[in-house]
Amino acid sequence: MTEAESEVLRTERGTNPEESVAVVITTFNDTKYLLDALHSVFAQTRPADEVIVVDDGSEVTPAPLLEAFPIVKLIEKANGGVASARNVGLLQATSRFICFLDADDRLRPNALAAGLACFQTHPETALVYGGHYQIGRDGLPKGNTNVPMPTGTDPYSTLLTGNMIGMIATALFRRDRLMELGGYDERLRRGEDYELYLRVAPRYPIASHSQVVAEYRWHGDNISKDTAQMLEAILSIHDKHRPDGGHRLDFWLQGRRNWYDWYKHGQEAMWGDGASNAAKSVLAAPRAHVLLKRIFRAAVPERLRALRRRTWPPRVGKVDFGSLASTRPLSMDFGWERGTPLDRYYIEGFLQEHSRDIKGRVLEIGDDLYSRRFGTEIAQLDVLHVSSENLKVTITGDITTRGVLPEGAFDCIIFTQTLQLIYDLNEAVERLHAALKPGGVLLLTVPGISQIDRHEWGTNWCWSFTVSSLHRLFERVFGRGELQFSTHGNVFAAICFLTGAVVEDVDISDLDVHDPAYPVNITLRAQRAR
């Protein structure tokens, strides 16, 4: 469809050129689903001004299927990947806005209307997006609806933690903005959407709306089914956006963890027995939608969501401190005498998540509580303590003293809330690394925002940590690719933990909200190279 033909069609429909929309459908051997996609485009409550089908070198031309859709423009090209096909559509379109739809997916009837309405509210944005849900091979609903979550006031930082936008068909773009950015990176065969979002976000605002506008078909042959290659591609893209420092590094590190979780756990939950070996090689996972929720919560703390509801913060002078209106904490011992200290909720959740690593010969610090609680196939259990008074202790001494820990001995070391008590951090990390067998795993937790112990350990409490400091400390010894960090907590959890409130005092769901600016705990899974 030429620009002149598009103008004629817009005139016939009475469309304002400033609101014109093109839909580009890319297809590669997708003839059994292409008609479904086309019908969804022509069922729009606000019709598309251009519909372009780009065939990326299919074995059988889709031309006969398009005879019933005379206004559709078909472009056939040699196979070059979906990024290449979308760029062809981007160049051929003449409308102000553009939507990309894969031939095996569908738009909801409200898709274009919802996107345009959002642009009217946010005219400065480069893209707007809504939600989607999954359908099966038969087109029937499958799994959970992915409700759109906002990217907040700093969309780039948010996208560093994960792909909040998700399915490409949920997004409506300003075509001129994409042209300015050079379109898709045609070198990529996977992750091209996420890479594009990461280039858009630093330059232009992004907005979202609450409507579900697309249907993502899981039919068994999706490219995302190969979780090993998807993870490799996404991490390669993500690595190019690693900040040199500053607050965005925390978001980037959280995103690293989220992507590992998604492709090693979440995708397995979605694909079941059809997941790739990369997904099957890791421990049993929580449901995929829980992981998505974790990613969304990581990006949009509760106080930001409340701000959007205009209920936060309270007016100056109207803050109700309630039981916390005291300079005396609820507990001077982290809450141990009241119940379960809040940091233990995060520590134990971390160990439960990695319980499959706690096997073979295991070393724990202080006692053997967590090894016995979370271990799976422990062949030998050792306990390290500076004192031998505890009958469970099998190794006595200072971890930084060479010779205390045997080298190359342990399949797993559980090292919880101890590193802050060691002054010589570099030596401690080197000794831990040396004590692991090749392929062995260190499961470590450290305090971020915390009380200082008032009893026996107080005089030895040397450090509190951030992800950035911990990352630099361990990367030197373990290498960048072997480290998986997470921060846990939010402003509410931090306040509660500082005052000595315990898990039994609070709603657990409030502890699950993640804000990297308030790390109560930082966890690390570090694996020694094989």
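Preceding this paragraph is the structure being described.
As the structure is a computational prediction, the values presented were derived from the model and not from experiment.

Parameters at a glance
Residues numbered from 1 in each chain as written. Predicted model: local features only at pLDDT ≥ 70, side-chain atom pairs only at ≥ 80, totals over all residues. Heavy atoms only, no water. Helix = DSSP H or I, 4+ residues; strand = E, 2+ residues; numbered from the N terminus. Buried < 20%, exposed > 50% of the residue type's maximum accessible area, 1.4 Å probe, protein only. Contact = heavy atoms within 4.5 Å. Areas by Shrake-Rupley, 256 points an atom, 1.4 Å probe, with all protein chains shown as cover. Pairing = 2+ DSSP bridges. Right-handed = clockwise from strand over helix to strand, strands pointing away. Core = buried A, V, L, I, M, F, W, Y, C linked by side-chain atoms within 4.5 Å. Axes fitted to C-alpha atoms, helices over the stretch in contact; angles between N-to-C directions.

A few points about the overall build of the protein
Right, on to step 1. Check the secondary structure of the protein and you find 18 helices and 16 strands.
Right, on to step 2. Taking all 530 residues of the protein together, 57% fall into the buried category.
Right, on to step 3. A separation of at least 24 residues holds for 73% of the contacts in the protein among residues at least 6 apart in sequence.
Right, on to step 4. Of the accessible surface of the protein, which amounts to about 23300 Å², a share of 50% is contributed by carbon and sulfur atoms.

A word on the pairing of strand β14 (residues 436-447)
Right, on to step 1. β14 sits mainly inside the fold: 10 of its 12 residues count as buried.
Right, on to step 2. Of the pairings in the sheet, the one linking strand β13 (residues 410-416) to β14 comprises 6 bridges and is parallel in character. For threonine 416, the partnering residue across the bridge sits in β14 and is threonine 445.
Right, on to step 3. As for the winding sense of the linkage, the β-α-β connection from β13 through helix α15 (residues 425-435) to β14 is right-handed.

Considerations on the nonpolar core
Right, on to step 1. Ranked by internal contacts, the top residues of the largest apolar core, which has 80 residues, are Phe173, Phe415, Leu419, Leu442 and Phe474.
Right, on to step 2. The biggest single contributor to this core is helix α9 (residues 247-271), with 8 residues.
Right, on to step 3. Phenylalanine 474 has contacts with Leu419, Val429, Leu442, Leu444, Gly479, Leu483 and Leu524, leaving out every residue within four places of it along the chain.
Right, on to step 4. In this structure, Ala48, Met167, Ala169 and Ala207 belong to the second largest nonpolar core, which totals 31 residues.

Considering the pairing of strand β11 (residues 377-385)
Right, on to step 1. Two strands pair when backbone bridges link them, and strand β10 (residues 359-365) and β11 are joined in this way by 7 bridges, in the parallel orientation. Across the sheet, the residue bridging to glutamate 364 is valine 383, located in β11.
Right, on to step 2. This β-α-β element, β10 to helix α14 (residues 369-374) to β11, shows right-handed connectivity.
Right, on to step 3. Bridging between β11 and strand β12 (residues 395-396) involves 2 bridges; their strand directions are parallel. The partner of histidine 385 across the bridge, within β12, is threonine 396.

Things to note about the sheet that holds β10
Right, on to step 1. If you walk across this open sheet you meet the 7 strands as β12-β11-β10-β13-β14-β16-β15, and the pairing is mixed. Among the strands making up the open sheet, the edge pair consists of β12 and β15 (483-488).
Right, on to step 2. Bridge count between β15 and strand β16 (residues 521-527): 6 bridges; the pairing is antiparallel. Following the sheet pairing, glutamine 484 is matched in β16 by arginine 525.
Right, on to step 3. Across the sheet, helix α13 (residues 342-353) is in contact with β13, β14, β15 and β16; its angle to β16 comes to roughly 20°.
Right, on to step 4. Strands in contact with helix α16 (residues 467-478) are β14, β15 and β16; relative to β15, the strand with the most contacts, it is inclined by about 165°.

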